Amino acid sequence: HLESLINQRGGSALTHFYLANSYLAEKQTKEAIEHFEKAEDKGLPEDFQLPNQWFKALAHLQSGEKAKARKVLNRLQQAPSDFYQKAVRDLKKDL
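It should be emphasised that the depicted structure is a prediction, and the values quoted were computed from it without experimental measurement.

Q: Any chance you could explain the packing of aromatic side chains here in plain terms?
A: Within this structure, the stated rule accounts for four aromatic pairs. Ring geometry for Phe17 against Phe48: centres 5.3 Å apart, planes inclined by 75°, an arrangement best described as edge-to-face. With Phe17 in helix H2 (residues 13–25) and Phe48 in helix H4 (residues 46–62), the pair connects residues that are 31 residues apart, well separated along the chain. Looking at Phe48, the relative accessible area reads 22%, which means it is partly exposed. A connected cluster of aromatic rings, assembled from ring pairs, spans Phe17, Tyr18, Phe36 and Phe48.

In structure tokens, the structure reads:
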């Protein structure tokens, strides 16, 4: 019901970000990826852009889409953040 309400009203970028994370927590990766992408399209605030990419990569990994996860992780590895650079390096060891 929440998703239909969000779709009717458009939903903000942050609404889609949080809904995507809820889907990811429930292992509904297809829905999670869809909402991470909608969050991007709607213009997430800068502070949420890297976490959105990180969780989207995790959703691709959970759904077995390693190539798509690698693509997102490669972009994320270029981020000016030591945390994400190290996290991506560690995660890519398992790919």
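Okay, back to it.
Q: Please clarify how helix H5 (residues 66–77) should be interpreted in this entry.
A: When the terminal C-alpha atoms of H5 are compared, their 16 Å separation across twelve residues agrees well with the 16 Å that a helix rising 1.5 Å per residue should span. Of all the residues in H5, the buried ones are Ala69, Val72, Leu73 and Leu76. One face of H5 carries all of its buried residues, which in axial projection span an arc of 100°. In this structure, H5 carries Ala67 and Lys71 as exposed residues pointing more than 90 degrees from its buried face. On its buried face, H5 is in contact with H4 and helix H6 (82–92).

Q: Would you mind going over the environment of Lys27 with me for this structure?
A: As for its position among the elements, Lys27 is in the loop between H2 and helix H3 (29–41). Judged by its relative accessible area of 60%, Lys27 falls in the exposed class. Taking the C-alpha atoms as reference points, Lys27 and Ser63, 36 residues apart in sequence, are found 8.6 Å from one another.

Q: Even after reading the chapter, I still don't get H4, so can you show me in this structure?
A: Three or four residues apart is the spacing at which side chains of an α-helix point the same way, because the helix has 3.6 residues per turn. With 17 residues, H4 should cover 24 Å at 1.5 Å per step; its first-to-last C-alpha distance of 25 Å lies within 8% of that length. Taken residue by residue, H4 has Pro51, Asn52, Gln53, Trp54, Lys56, Ala57, Ala59 and His60 as its buried positions. Gly64, located one to two residues past H4, shows a positive phi value of around 85°.

The rules we used
Residues numbered from 1 in each chain as written. Predicted model: local features only at pLDDT ≥ 70, side-chain atom pairs only at ≥ 80, totals over all residues. Heavy atoms only, no water. Phe/Tyr/Trp six-rings, centres within 6.5 Å; stacked < 30°, edge-to-face > 60°. Helix = DSSP H or I, 4+ residues; strand = E, 2+ residues; numbered from the N terminus. Buried < 20%, exposed > 50% of the residue type's maximum accessible area, 1.4 Å probe, protein only. Expected span 1.5 Å × (residues − 1). Arc of directions from axis to C-beta. Contact = heavy atoms within 4.5 Å.

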